[in-house]
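Residue-level structural notes
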Protein chains: 2
Amino acid sequence: MAEPQTRTRIQKKNRTTILDAALDVFSQFGFRGSTLDQIAKAAGLSKPNLLYYFPSKEAIHVELLSCLMDTWLDPLRDLDPNGEPRAEILAYMRRKLEMSRNFPRESRLFANEILQGAPRIMDAIKGELKDLTDEKAAVIQGWMDAGKIAPSHPYHLLFSIWSLTQHYADFDVQVRAVLGNEGDDPFPAAEQYLETLFSKLLAV
Amino acid sequence: MAEPQTRTRIQKKNRTTILDAALDVFSQFGFRGSTLDQIAKAAGLSKPNLLYYFPSKEAIHVELLSCLMDTWLDPLRDLDPNGEPRAEILAYMRRKLEMSRNFPRESRLFANEILQGAPRIMDAIKGELKDLTDEKAAVIQGWMDAGKIAPSHPYHLLFSIWSLTQHYADFDVQVRAVLGNEGDDPFPAAEQYLETLFSKLLAV
DNA sequence: GTCTATAAGACGATAGAC
DNA sequence: GTCTATCGTCTTATAGAC
């Protein structure tokens, strides 16, 4: 009963610490390739202490994935059907690229899960993700039909935005190794290139 | 001494069977997430028998990766500096997309290795891959300088071909889930879309 | 060459002291 | 809440029969 807020605050802090450490590990090695020992060491806690806050290794992973899905779709949700079509799509691309820059671990966690056949996230793929994609693809198709942007394939247009932007998070070590000077930030040039690419694609 | 060719033929056949099974498993779960039991079961052999043909789990993985690098760069090697610039780049994109269609497991094996920080392939990335990329980026830069194709970033142009084409192998289950009718082949529409995309990007 | 049996250690999870 | 100790299982690799 004494200081319940303090206990809660410590609990939340430890849960956050564990999830952050787990994101480090799971995003790199996937679910099967990650161990509680690695996560415990990264979190600076003992292994049994992890399992005091989460019932199992899988529960930690599931928690990360469901948190991820919530924010992962935000950039696409913000695509405004009433906005200026070309500007809306370019702004969506920029938001996705910004997510790759600011949340590369989340992008790699997602990539790892998809590569493994999406066993723990297929419901969300066929549900939330597909529903939102269907909705926004219809908006884009409407813009194409109205002659606001050049006609192409709405779904593959969205796929191309996903793959091009997530590439800079998922294949970060390759991008930096090929560009050399690995301390340099590849994102400014990437943004400029992608703006050119999509501007030309969408121009009527 | 009796029938050495037969023994060799059996050995080669078993090595091939093991490598094919290992490709199935490693491409899905990565190195750390895969087990010899899975590979043995997929190959229809016993676990000790695997280790009769390869000294260790890591040796199987390394063998797969070095075989992969040999063929992975072929499409880019075939980019002809003396060809017609726009046609050469489009043909390269088509060759890469064809590799994603015909060798999706190899693409996912590569993606898994890069996601994990490329621990067993970084030398090849900084060596063969970077050298070839530098060489072909210079060719593309030359074409841009000569006004044969629209100016952009040669390296990011290559990155965009890699990410767009490999996406259809690496994120295959997502692509099919979002498109619905998962038996349908997404590659024809993908090829058409990517041809449009790069045609417009390169047009002077 | 292929198998069963097993060593030696890593792994997820639990028990119980503090 | 956090720890040490430990259980039972999984995993890589080896030993040795056939």
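Just so it is clear, the model here is predicted, and its values are computed rather than measured. (Residues numbered from 1 in each chain as written. Chains lettered and ligands numbered in written order. Predicted model: local features only at pLDDT ≥ 70, side-chain atom pairs only at ≥ 80, totals over all residues. Heavy atoms only, no water.)

In the neighbourhood of DNA strand D, 16 residues make up the surrounding shell, with Gln11, Ser46 and Tyr53 of chain A together with Leu36 and Lys47 of chain B lying closest. The contact atoms of DNA strand D, taken as those within 4 Å of the protein, divide so that sugar and phosphate hold 67%. Side-chain polar atom of Asn14 of chain A to a phosphate oxygen of DNA strand D: 3.1 Å apart, as the coordinates give it. At a separation of 3.2 Å, a phosphate oxygen of DNA strand D approaches a polar backbone atom of Ser34 of chain B. (Near = heavy atom within 4 Å. Polar contact = N/O pair within 3.5 Å; in protein donor to acceptor, adjacent residues only side chain to side chain.)

What follows deals with the relation of the copies chain A and chain B. Mapping chain A onto chain B calls for a screw motion: a turn of 180 degrees about the axis and a shift of 0.0 Å along it, with 0.0 Å RMSD after fitting. With respect to symmetry, the two chain copies, as superposed, fit the operation of a two-fold axis. Minimal C-alpha distance to the rotation axis in chain A is attained by Gly33 of chain A, lying at 1.9 Å. Interface residue correspondence from chain A to chain B reaches 100%, placing this contact among same-surface, isologous pairings. (Least-squares fit on C-alpha atoms with pLDDT ≥ 70 in both. Contact = heavy atoms within 4.5 Å.)

Before going further, it helps to spend a moment on the pattern of salt bridges. Between side chains of opposite charge, a pair can form as their charged atoms come close. Under the counting rule described, the total for this entry stands at 27 salt bridges over all chains. Between Arg105 of chain B and Asp24 of chain B there is a salt bridge, and its shortest N-O distance comes to 2.9 Å. Of this pair, Arg105 of chain B sits in helix α7 (residues 104-115) while Asp24 of chain B sits in helix α1 (residues 4-33), placing them 81 residues apart in sequence. For Asp24 of chain B, a relative accessible area of 35% translates into the label partly exposed. Put simply, Lys47 of chain B and Asp37 of chain B hold a salt bridge, and the shortest N to O gap is 3.4 Å. Taken together, the residues Lys47 of chain B in helix α3 (residues 47-53) and Asp37 of chain B in helix α2 (residues 36-43) connect sequence positions 10 residues apart. Looking at Asp37 of chain B, the relative accessible area reads 47%, which means it is partly exposed. One salt-bridge network, in which partners are shared between bridges, spans Asp20, Asp24 and Arg105 of chain A. (Salt bridge = Lys/Arg side-chain N within 4 Å of Asp/Glu carboxyl O. Helix = DSSP H or I, 4+ residues; strand = E, 2+ residues; numbered from the N terminus. Buried < 20%, exposed > 50% of the residue type's maximum accessible area, 1.4 Å probe, protein only.)

Moving on to the nonpolar core. Side chains of a nonpolar character, in soluble globular proteins, are inclined to be buried together. Phe198 of chain A together with Leu157 and Phe198 of chain B are the most contacted members of the largest nonpolar core, which totals 136 residues. Apart from residues lying up to four places away in sequence, Phe198 of chain A is in contact with Leu90, Met93, Leu157, Ser160, Ile161 and Leu164 of chain A together with Tyr193 of chain B. (Core = buried A, V, L, I, M, F, W, Y, C linked by side-chain atoms within 4.5 Å.)

Opposite the 58 residues of chain A that make contact, chain B presents 58 residues. Across the chain A/chain B interface, buried area totals approximately 5100 Å², and carbon plus sulfur atoms make up 68% of it. Contact with chain B buries area across many residues of chain A, yet Leu115, Val178 and Tyr193 of chain A alone supply 15% of it, more than any other trio. On inspection of chain A and its partner chain B, the count reaches two salt bridges. Salt-bridge contacts for Glu182 of chain B lead to Lys126 of chain A; the nearest nitrogen and oxygen are separated by 3.2 Å. Where the side of chain A that touches chain B is concerned, the elements lending two or more residues are α1 (4-33), α7 (104-115), α8 (122-145), α9 (154-170), α10 (172-179) and α11 (187-202) of chain A. Class assignment for the residues of the side of chain A that touches chain B results in 30 nonpolar, 20 polar and eight charged. (Buried area = accessible area lost by both parts, 1.4 Å probe. Nonpolar A, V, L, I, M, F, W, Y, C, P; charged D, E, K, R; others polar.)

All names here are of chain A. For α7, built from 12 residues, the straight-helix expectation of 16 Å at 1.5 Å per residue is met to within 8% by its first-to-last C-alpha distance of 16 Å. The complete set of buried residues in α7 reads Glu106, Ser107, Arg108, Leu109, Phe110, Ala111, Asn112, Glu113, Ile114 and Leu115. Within two residues after α7, Gly117 carries a phi angle of roughly 95 degrees, on the positive side. (Expected span 1.5 Å × (residues − 1).)

Once that is clear, we can look at the UniProt feature "domain: HTH tetR-type" (unreviewed entry) in chain A. The sites that carry the UniProt feature "domain: HTH tetR-type" (unreviewed entry) are, in the present numbering, residues 12-72 of chain A. Secondary structure content for residues 12-72 of chain A is 87% helix and 0% strand, while the C-alpha to C-alpha distance between its ends is 22 Å. (UniProt positions renumbered as here; feature names shortened; annotations may be inferred.)

Residues and elements named next belong to chain B. Secondary-structure assignment places Thr165 in helix α9 (residues 154-170). The class for Thr165 is buried, based on a relative accessible area of 0%. A polar side-chain atom of Thr165 sits 2.7 Å from the main-chain carbonyl oxygen of Ile161. Among the polar contacts listed, one links the side chain of Thr165 to the backbone oxygen of Trp162, at a separation of 3.3 Å. Discounting residues that sit within four places of it in the chain, Thr165 has contacts with Met93, Lys96, Leu97, Ser100 and Leu194.

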